[in-house]
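# Tertiary structure, described
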Amino acid sequence: MMASTGTLAIAAAPLYPVRASKVGQLSISCSSSFATSTSDTTEDEQRTSQKFSYSRALPAVRWPHLKFAAESQYPPPQGQITAAPPSLTKIDSSSTDYEEKKSSLSASDSLQLNDEKLEVLGRPSKTRAKKMTKLALKRAKDWRQRVQNLTDRILLLHSEEFVADVLDDRKVQMTPTDFCFLVKWVGRSSWQRALEVYEWLNLRHWYSPNARMLATILSVLGKANQEILAVQIFDRAEPSVGNTVQVYNAMMGVYARNGQFDKVQRLLNLMRARGCEPDLVSLNTLINARLKSAPMTENLSIELLNEVRKSGIRPDIITYNTLISACSRESNFEEAVKVYNDMEACKCQPDLWTYNAMISVCARCGLSGKAEELFKQIDAKGFFPDAVSYNSLLYAFAREGNLGKVKVISEEMVRKGFGKDEMTYNTIIHMYGKLGQLERSLQIYQEMKSIGQNPDVITYTVLIDALGKANRVAEAANVLKEMLDVGIKPSLRTFSALICGYAKAGKQIEAADTFDLMIKSGIRPDHLAYSVMLDTFLRHNETKKAMRMYCNMIRDGFTPDHSLYIAILKMLKEENKEEAVQKVIDDMQEVCGMNPQIISSILVKGECYESAARMLKFAISCGYDLNRENLLSVLGSYSSSGRHAEARELLEFLREHAPGSYQLITEACIITLCKAQSLDEALDEYNKARGLGCFRMSLIIYESLIQCCEENELFAEVSQLCSDMRFDGVELTNDIYRVIVLTYCKMGFPETANYLIDQAEEKGILLDDVYVYLIEAYGKLKLLNKAERLVGILRQRCNLLDRQIWNSLLQAYASCGYYEKARAAFNTMMRDGPSPTTVSINSLIQALIVDGRLNELYVVIQELQDLGFKISKSSILLMLEAFARVGSIFEVKKIYHGMKAAGYFPSMHIYRIMITLLCRGKRVGDAEGMISEMEEAKFKPDLTIWNAMLKLYTEIGDFKKAAYIYQRLNENEFEPDEETYNTVITMYCRDLRPEEAFTLMQEMRRQGLDPKLDTYKSLISAFGKQQMWEQAEELFEGLLKGGYKLDRSFYHTMMKIYRNTNNHLKAEHLLTIMKEKGVEPTIATMHMLMVSYGSSGEPKEAEKVLNSLKETGANVSTLTYSSVIDAYLKNEDYRIGIQKLIEMKEGGLEPDHRIWTCFIRAASLSDSTSTAMILLNALRDCGFDLVTRLLTEKSDLLVLEVDKYLQKLQPMEDNAAFNFVNALEDLLWALELRATASWVFQLAIKRGIYRHDVFRVADKDWGADLRKLSAGAALVGLTLWLDHMQDASLEGSPLSPKSVVLITGNSEYNMVSLNRTIKAYLWEMGSPFLPCKTRSGLLVAKAHSLRMWLKDSPFCLDLELKNSPSLPALNSMQLIEGCFIRRGLVPAFRDINERLGQVRPKKFARLALLSDEKRDKAIRADIEGMKEKLEKMKRKEGIPKKRKIKRFTKKKFIRRAMISNLEEVSPLERFALK
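Residues numbered from 1 in each chain as written. Predicted model: local features only at pLDDT ≥ 70, side-chain atom pairs only at ≥ 80, totals over all residues. Heavy atoms only, no water.

## Looking at the overall build of the protein chain
Applied cut-off: Per the convention used, a helix needs a DSSP run of H or I reaching at least four residues, while a strand needs a run of E reaching at least two, with both numbered from the N terminus. Remark: exposure states derive from per-residue accessible area (1.4 Å probe, protein chains only) relative to the maximum for the residue type, with buried under 20%, exposed over 50%, and partly exposed in between. Residues are treated as being in contact if the distance between any of their heavy atoms lies within 4.5 Å. Method for areas: the Shrake-Rupley scheme with a 1.4 Å probe, in which residue coverage is limited to the protein chains shown.
What the protein chain contains, in helices and strands, is 80 helices and nine strands. Going through the 1474 residues of the protein chain one by one, you find that 51% of them count as buried. In the protein chain, the share of contacts with a sequence separation of at least 24, taken over all contacts with a separation of at least 6, comes to 66%. When the accessible surface of the protein chain is split by element, carbon and sulfur atoms take 51% of a total near 71600 Å².

## Here's the deal with the side chain of Ser704
For Ser704, the position within the fold is in helix α41 (residues 699–711). Once residues lying within four places of it in the same chain are set aside, the contact partners of Ser704 are Ile671 and Cys674.

## Section: the sheet that holds strand β3 (residues 1299–1303)
In a beta sheet, neighbouring strands are held together by backbone hydrogen bonds and run either parallel or antiparallel to one another. Stated formally: One requirement defines pairing of two strands: DSSP has to find at least two bridges between them. The axes used here are C-alpha line fits, helices contributing only the stretch in contact, and every angle between their N-to-C directions lies in the interval 0 to 180 degrees.
Pairing is mixed in the open sheet, where five strands are placed in the order β1-β2-β3-β7-β6. Because the sheet does not close on itself, it has two edges, and the strands there are β1 (1255–1258) and β6 (1330–1331). By the bridge criterion, four bridges tie β1 to strand β2 (residues 1261–1265) in an arrangement that is antiparallel. Of the residues in β2, the one forming a bridge with Ala1258 is Asp1261. Running at roughly 5° to β1, helix α73 (residues 1271–1291) makes contact with β1, β2 and β3 of the sheet.

## Some points on the pairing of strand β9 (residues 1379–1382)
As defined by bridge partners, strand β8 (residues 1373–1376) adjoins β9 across four bridges and the pair is classed as antiparallel. Note on β9: the bridge partner recorded for Leu1375 is Phe1380.

## Quick word on the pattern of salt bridges
Which entries qualify depends on this criterion: By definition, a salt bridge exists where a carboxyl oxygen of Asp or Glu is found within 4 Å of a side-chain nitrogen of Lys or Arg.
A full pass over the atoms with the stated rule returns 55 salt bridges. Its salt-bridge partner being Asp1126, residue Lys1130 comes within 3.2 Å of it at the nearest N-O pair. With Lys1130 and Asp1126 both in helix α65 (residues 1118–1130) and four residues apart, the pair spans about one turn of that helix. A residue is classified by how much of its surface remains accessible, and Lys1130, at 28% relative accessible area, is partly exposed. According to the relative accessible area criterion, Asp1126 is buried, its value standing at 13%.

## Here we look at the packing of helix α44 (residues 750–762) against helix α45 (residues 770–780)
The test is simple: Orientation categories follow fixed angle ranges, with anything under 35 degrees roughly parallel, anything over 145 roughly antiparallel, 65 to 115 roughly perpendicular, and all other angles oblique. Crossing chirality is assigned from the near helix's rotation relative to the far helix, an anticlockwise turn below a right angle marking it left-handed and a clockwise turn marking it right-handed.
At a closest axis distance of 10 Å, the pairing of α44 and α45 adopts a crossing angle of 155°. Comparing their axes, α45 and α44 come out roughly antiparallel. For the pair α44 and α45, the crossing hand works out as left-handed. Judged by residue contacts, Pro750, Glu751, Ala753, Asn754, Ile757 and Glu761 of α44 engage Val770, Tyr771, Leu774, Ala777 and Tyr778 from α45.

## Describing helix α32 (residues 543–555)
Note the following rule: Multiplying 1.5 Å by the residue count of a helix minus one yields the expected span of that helix. The directions considered for the arc run from the helix axis to the C-beta atoms.
The terminal C-alpha atoms of α32 lie 18 Å apart, and with 13 residues this matches the ideal 18 Å at 1.5 Å per residue to within 8%. Among the residues of α32, those classed as buried are Thr543, Ala546, Met547, Met549, Tyr550, Met553 and Ile554. For α32, the buried positions fall inside an angular range of 160° around the axis, keeping them on one side. Opposite the buried face of α32, at more than 90 degrees from it, the exposed residues are Lys544 and Arg555. If you follow the buried residues of α32, they end up packed against α30 (508–520), α31 (527–539), α33 (562–574) and α34 (578–590).

## Points about a positive patch on the surface
This is how the line gets drawn: Patch members must show over 30% relative accessible area and no salt bridge, and they are joined within 9 Å when carrying like charges or within 5 Å when they are nonpolar side chains of Val, Leu, Ile, Met, Phe, Trp or Tyr. We count Lys and Arg on the positive side and Asp and Glu on the negative side, and we leave His and both chain ends out. A charge is said to be at NZ when it belongs to Lys, at CZ for Arg, at CG for Asp and at CD for Glu.
A cluster of like positive charges, contributed by Lys922, Arg990, Lys1025, Lys1056 and Lys1268, occupies part of the molecular surface. By the element assignment, Lys922 lies in the loop between α53 (908–920) and α54 (924–936). The exposure class assigned to Lys922 is partly exposed, which follows from its relative accessible area of 45%.

## Considerations on unusual backbone geometry
In this chain, Ser1293 is followed by Pro1294 through a cis amide linkage whose omega measures 0°. Mapped onto the elements, Pro1294 comes out in the loop between α73 and β3. Backbone geometry at Asn225 places phi at a positive 60°, although glycine is not the residue there. With respect to the secondary-structure elements, Asn225 resides in the loop between α12 (211–223) and α13 (227–235). Despite not being glycine, Lys1268 shows a phi value in the positive range, around 70°. Following the sequence through the fold, Lys1268 ends up in the loop between β2 and α73.

## Observations concerning helix α58 (residues 994–1006)
Between its first and last C-alpha atoms α58 spans 18 Å; for 13 residues at 1.5 Å apiece the expected length is 18 Å, and the two agree. Buried residues along α58 sit against α56 (959–971), α57 (978–990) and α59 (1013–1025). Looking at the residues trailing α58, positive phi occurs at Gly1008, about 85°.

## Some remarks on the side chain of Ser1353
How we decide: We call two N or O atoms a polar contact when they sit within 3.5 Å, provided that within protein one can donate a hydrogen and the other can accept it, with sequence-adjacent residues counted only if both atoms are side-chain atoms.
Residue placement: Ser1353 occurs in the loop between α75 (1343–1352) and β8. Overall, the relative accessible area of 8% leaves Ser1353 in the buried class. Polar side-chain contacts of Ser1353 include one of 3.2 Å to the backbone nitrogen of Phe1355. With residues near it in sequence (within four places) discarded, Ser1353 still touches Met1325 and Met1348.

## Describing the nonpolar core
The test is simple: As used here, the term nonpolar core means buried Ala, Val, Leu, Ile, Met, Phe, Trp, Tyr and Cys residues forming a set that is joined through side-chain atoms within 4.5 Å.
Phe1159, Phe1220, Tyr1250, Leu1302, Ile1318 and Leu1322 are the most contacted members of the largest nonpolar core, which has 261 residues in total. Once you skip the residues sitting within four places of it in the chain, Leu1302 turns out to touch Ala1264, Leu1266, Leu1278, Trp1281, Ile1318, Leu1322, Phe1329, Gly1337, Leu1338 and Leu1339. Core analysis: the next-biggest nonpolar cluster, separate from the first, contains 183 residues, Tyr340, Ile499, Ile585 and Ile602 among them.

## Looking at a nonpolar patch on the surface
A cluster of nonpolar side chains, contributed by Phe715, Tyr744, Met747 and Phe749, occupies part of the molecular surface with about 350 Å² of accessible area. With respect to the helices and strands, Tyr744 occurs in helix α43 (residues 734–747). According to the relative accessible area criterion, Tyr744 is partly exposed, its value standing at 31%.

## Quick word on the packing of α33 against α34
Running from N to C, α33 and α34 point in directions that differ by 160°, and their axes come no closer than 8 Å. Judged by the inter-axis angle, α33 sits roughly antiparallel to α34. Along this stretch, α33 crosses α34, giving a crossing that reads as left-handed. On α34, the residues touching Tyr565, Ile568, Leu569, Leu572 and Lys573 of α33 are Glu578, Ala580, Val581, Val584, Asp587 and Met588.

## Observations concerning the packing of aromatic side chains
Under the convention used in this document: Pairing of aromatic rings covers Phe, Tyr and Trp, the last through its six-membered ring, and needs centres within 6.5 Å; plane angles under 30 degrees mean stacked, over 60 mean edge-to-face, and all others mean tilted.
Applying the stated criterion across every chain, the model contains 21 aromatic pairs. Geometrically, the ring pair formed by Tyr911 and Phe939 is tilted, given 5.6 Å between the ring centres and 55° between the ring planes. Taken together, the positions of Tyr911 in helix α53 and Phe939 in the loop between α54 and α55 (943–956) put the pair 28 residues apart, joining distant regions of the chain. In this structure Tyr911 comes out as buried when scored by relative accessible area, which is 2%. Looking at Phe939, the relative accessible area reads 28%, which means it is partly exposed. In this structure an aromatic cluster arises from ring pairing among Trp1156, Phe1184, Tyr1205 and Phe1220.

Now the structure itself:
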């Protein structure tokens, strides 16, 4: 019911333009309308629920950007409304019912008249001036004060005090107009006090009765839903007063509020009969009542508009808005469009209300695009969107679950100054609830309360419903308690949601308590509430409570459905409550009006067989036909319980009262036993009956027995029954022959079955239907020639061959993969008939799959769908397996979910296919979800599935989960196979744990399994990455000696290892071995050889290789040239490097990103800026001046250009963009353009070139992973990270973990060690970061020390990256011993390292800051101290050590909980804790 009452206010459009102070009422109504999908309360319950105020009441709040002056609570004169835009006089008409509009009209009219003597409401005053004079303004102020003072005094009265005491004691003279406003203002808070004022005025007769006063009190009572009192006052009104348009309109508004259309219409007729002509307000009220009274019919809106026009009145904006709002309530977009088009045709200009209502219609009808289009028209038409406009548009996208749009609209709404209100939050909470994101709904709910927004009944109902569906009923109950604590009365939907939640969780006591609370709250349960409670009691075998609930349900006019009746009867039958069973039967007859046949069916399903038998007898006595199903069910129950006497008694009764069903009754006995699979009893019964010889056995008895014997494969009994048939003179029928033939077909003897068919045909019996099984039997044996010959004979016999015969032939073709023949047969069916069925389609699909023409599958499927065929479950399974074989994950998932939705549950085979396919496609979440689903379905993963998961985690680099899978595999006592070993060894190699991989490989060999060549290659590569050169070389040589045929990738891997060790001699030797083994080198091989020469400082040798490639006519690319150029540049032969660049360009080969990167990297390592500029100018001369401009021009102006270039590099191979940015960062850092380096770094993150989590400062998660970055990029990222952590330390948020981990890695890139570079940078600053003791390549700092250092260290006073005003003469950085450090730090770095070795960061910073003399003195003192300490230790070696007495000292207590909770600590923190 909430769906109708939720939009009650919006359905009643404003009848006249009123003041902006009423705008809040529209917002209230719309907030209800937006939540109609979640609440179904009745209108009475809506009125009894708590009424909340809405903060959008004033224009200053509704349009904050217009800067309205705050309005008083009294309606100001019309002449004073000048600050609002012109449209506000129309768009703010937002009252919910006609009475509110009427009262607003009365108040404004009385102020406009400004004449206390006028008694007739609405008469124009000739004495009113166009502009109010000072005297008029003073009088207006005086009457407001008079009315307000009396209003305040009356509302402060206690319950035992009377209004008369205040009115009698008034100090000022009151006019009739004042009394009208007094009644109205008091009625806003208390209709009882307002009625008391009205009665007091009647008793005193201090004023002449007038229509204004009567209309005012009627309006007050109408708003308070006091219809009876309003009718009494209207009836006793004097004809001279009550017979006015305004009074009739007010009274019609009372009826219209509750949708009493008949009463409104009668009152309108009475009005006309008394000579009072209705005005537009009257007709609008009538329309409002009609729209509230019943659902809209087609073209109702146009008919109502025509009725208004027939009365000689032109519909206004109020009329149209009322109709459009009603369309919104009923989600009737077509009617709304008709009204809107009529409105435009009649030249009636829409206002903001109109647009809001149209947006609401589109939102309810799921037309978010149209709603957004209308929203954009608001500004175009000169209006200002209000909170209702935004909330309506928000609801449109929330209904679709469009999170992005909802977020954008919410942000725009807040930006416009409206903020989120109850309506906004309800919409968003409901959206997340529908999407199943319960935690997000609760977060929004808490946010709503934290900002002071008051949740309403809709908010609480949505939360309770979502929590109940998620089996979180305890939290749902807490929400209900909170709801009651704040004074909001739950609705029927609220209670029903909580009851359903308890019922789902199996908490019948709590459900019952909630149901009782609902009754005590005065809310009448509906069919759903009763049904849920009844079902709950039945499930918990609460017989008494269930029957009590059932009685109440019947009493309130609701009837259970058949399933509940069956459950009730089963429960009562189990407890042997025959009287209660009889009462339920009586209710089904008298209350539900069921006929005896239906009742007997329910009784059978409820296992009340005695009652079912009696009802069956009663049905036969009443003349109903004998129901075969009911009879067999009752007889089956008797047979299963061995109550044959009762069965015979029932059959005898049926024979007496249903003579026409005698044969059916006779057959029923044997048939029932056959269906119950009591074949022995059926044969005994048959033999007894045949022995008596009282009647001739009918054909159907023989057919039933033969069929049952055939199903049980009792062929001897089948033969005996056939002999009995011949002896009794019963001819073998088609069915009998069919069973015999079918039996032989199932046994795999189609030739014998064919012989029997020929015999039957000689007797004139045509067994057309058995040919299907015969053809299928031929197909299974691949005897397609005999099958085709048989089909040919059948086609000659009849014009239209049976469909099943064609299907059997198609299946025979499909099993052999003869797609062309199957297609020809299918086309013949389509041409000559009959039309193909699901079996035909499956056979065609199977033939297509077996024939290996899967690419045509979609074409065939599309053709079949175009012909109107529906794909069946079996077709779905065929398609799933076919697409799984080709690895189409998207299609397989779609088919799989469709199969489950259709009720076809997957088997172990399907799970194996799905998981293997998902693992191949690296769908981690889907594969894990499938494993969970599989285990929930009581299936245990096998070795194939575990191997697939191992391979998945290894490929994505999640080695922790891979190890866990391997552990589970061993725990489940699976024997690892070859695939398992290969996968785990590869995992260890990728995790840079080659020792463990080598150990596992040895174990694999001991098991008699041989690793794959790829496994060997992974192990060699892992040895190389860990700088275990000898082990890698030994393993490679072992493979060569073992006679393995190695491909080119093995030689490339070894060549990379020799390149990294600067051993070009071994690389040359490897090239010779490669040729001897018959593996021809490629360009990539030669490139690696040239890089090896370059790393060894032999650029000329690399150039020789390049020249050799040219001579052989090989295709030389920039890759080979870059190897040579890079070798010269690394050797600081810049001139030759530039010459090679020019040579390459003159040779017709355009330089690309590889060349740019080489030159930029060389420029970053050059000693002086002038040298760097020479290298960069060489690039500029070749057409690439971007880097030069970055150094010489304003870098901010080049952001877009750099971004475009990076976008161009991203899709290129060899990590083009990554290498370019790394080199550029080195150059910018070296030349002190660090602000530029910062935005280039951030641009690289934005483009996805660098990872987005290079560094992070989140709640209890501070860390950085700078691996694979160049030195300059790493220093930029490190500085930015330190800056973020400094801000967090000063602000106290986000919270830091116990320890902070910085990952640098151990690898070197382009002769630079990132680990040594970062340590030198941090050591110089005296940071608390220290090397991790358990794992190299990690720096760890205690969070407290780090925060103190960031706050107090002078090195951290200014971490902002800035550009130097001019380029330095010398490079600010220098590469020394693989460390890219500040040039000024090089002497101190060398001095400290050479004389002291590794020192702690603070000591390094202290020594580095000293002058050369002081540092030398300090180092010498430190060395002398160390020598003295060593000598002292040597002297003590000869002295026996005293035995120390072990004392029990207090040690730091570490709770076991901390150790057990290490699983919850992040990996980086765990390393730090170690």
